[in-house]
Amino acid sequence: MRSNAVCWSPTEAFILAVANDDYNVYSFDMRRLDMPLNIHKDHVAAVTCVDFSPTGRELCSGSVDKTVRLFSLVEGHSRDVYHTKRMQRLTAVLWSADDRYVISASDEMNIRLWKARAAEPLSILRWRQREALEYSASLRAKYASHPEIRRIARHRHVPKSIYHARQELHTVHEAAKKREKNRAAHSKDKKAPLPEKDNVVLEECE
């Protein structure tokens, strides 16, 4: 599949992210290009653009599926998704230098400004408000493994078209995994199927 954009980490010179036509964003360490550090999923169409946060710990991506997604560098699924009814195919995304905003450009000739953390207030906070937010964050971290808290934290409203496309994509991936597992079980050498990360890079060219 074709790669559409490449972005380098501002804090770690060897780390880069690649936006790809196969609906994924790949993060690589250029010292070892035979396997990605992580595969960032959730888009349901080709990813057209990608950018790192100023801290280098997160990245944002834009796609033909008309959504902007925010990923942690160490996680495979997005922590936030932004979309509107009028927004069309994304052509560019940029993370602001103050780490508070994500800027997107799309085909309908509009530029949009999104909060990098959706729940973060933009006004100046009093000390009581700041303490309340810190306390809420500590409670979320403490009970993050609870099933209901995890479900609420993970849930995001998306358009029906994206929801159904994601379900269809999940079905296709599960069928492919099952097919590979059956092939391995009935082959002569009983060789286990390779992990997904091992199948990403086909060849290194100098």
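Residues numbered from 1 in each chain as written. Predicted model: local features only at pLDDT ≥ 70, side-chain atom pairs only at ≥ 80, totals over all residues. Heavy atoms only, no water.

Digging into the sheet that holds strand S3 (residues 25-29)
This is how the line gets drawn: By definition, two strands form a pair when at least two bridges between them are found by DSSP. Secondary structure elements follow DSSP: runs of H or I no shorter than four residues count as helices, runs of E no shorter than two count as strands, and numbering proceeds from the N terminus. Whenever a helix is involved, its axis is fitted only over the stretch in contact; in every case the axis is a line through C-alpha atoms, and angles between N-to-C directions fall within 0 to 180 degrees.
Read from one edge of the open sheet, four strands run S1-S2-S3-S4, paired in antiparallel fashion. On the outer flanks of this sheet lie strand S1 (3-8) and strand S4 (38-40), each paired with one strand and no other. Across the sheet, the mean angle from the axis of one strand to that of its neighbour is 20°, orientation sign disregarded. The pairing of S3 with S4 spans three bridges and is classified as antiparallel. Directly across from Tyr26, in S4, lies its bridge partner Ile39.

Quick notes on unusual backbone geometry
We count it as follows: When accessible area is computed with a 1.4 Å probe and restricted to protein chains, residues below 20% of their type maximum are described as buried, those above 50% as exposed, and intermediate ones as partly exposed.
Backbone geometry places Asp42, a non-glycine residue, at a positive phi of 115°. Here Asp42 lies in the loop between S4 and strand S5 (47-52). Its identity as a non-glycine residue notwithstanding, Lys66 has a phi of 70°, on the positive side. Classification of Lys66 by relative accessible area gives partly exposed; the value is 36%.

Structural notes on the sheet that holds strand S6 (residues 58-63)
In space, the four strands of this open sheet follow the order S5-S6-S7-S8, with antiparallel pairing throughout. Here the strands that pair on one side only, and so sit at the sheet edges, are S5 and strand S8 (80-82). For this sheet, the mean inter-axis angle between neighbouring strands, taken without regard to orientation, is 20°. With five bridges joining them, S6 and strand S7 (residues 68-72) adopt antiparallel strand pairing. Across the sheet, Leu59 pairs through a bridge with Phe71, a residue of S7.

Quick notes on the pairing of S5
Burial runs high along S5: six of the six residues are buried. Two strands pair when backbone bridges link them, and S5 and S6 are joined in this way by five bridges, in the antiparallel orientation. Bridging from a neighbouring strand, Val50 pairs with Ser61 of S6. The hairpin turn running from S5 into S6, its antiparallel successor, is five residues long, and Gly56 in that turn takes a positive phi close to 80°.

With respect to the packing of aromatic side chains
Using the following cut-off: Each pair of aromatic rings taken from Phe, Tyr and Trp, with Trp reduced to its six-membered ring, is defined by centres within 6.5 Å and is described as stacked if the planes are under 30 degrees apart, edge-to-face if over 60, and tilted in the remaining cases.
One pass over the structure, following the stated rule, counts two aromatic pairs. With a centroid separation of 6.4 Å and an interplanar angle of 40°, the aromatic rings of Tyr26 and Phe28 are classed as tilted. Phe28 carries the same exposure label as Tyr26, and that label is buried. Here Tyr82 and Trp114 contribute two aromatic rings whose centre-to-centre distance is 5.0 Å and whose plane-to-plane angle is 10°, an arrangement assigned as stacked. Note that Tyr82 is positioned in strand S8 and Trp114 in strand S11 (residues 110-115), a separation of 32 residues in sequence.

Observations regarding the side chain of Glu58
The condition that has to hold: Here a polar contact means two N or O atoms within 3.5 Å. Within protein one must be a hydrogen donor candidate and the other an acceptor candidate, and residues neighboring in sequence count only if both atoms are side-chain atoms. Any pair of residues with heavy atoms lying within 4.5 Å of one another is described as a contacting pair.
Along the chain, Glu58 falls in strand S6. Look at Glu58 and you get buried, because its relative accessible area is 15%. Polar side-chain contacts of Glu58 include one of 2.6 Å to the side chain of Arg79. For Glu58, the contacting residues outside a window of four places in its chain are Asp51, Phe52, Ser53, Phe71, Ser72, Leu73, Arg79, Trp95 and Arg117.

These figures capture arrangement, not role.
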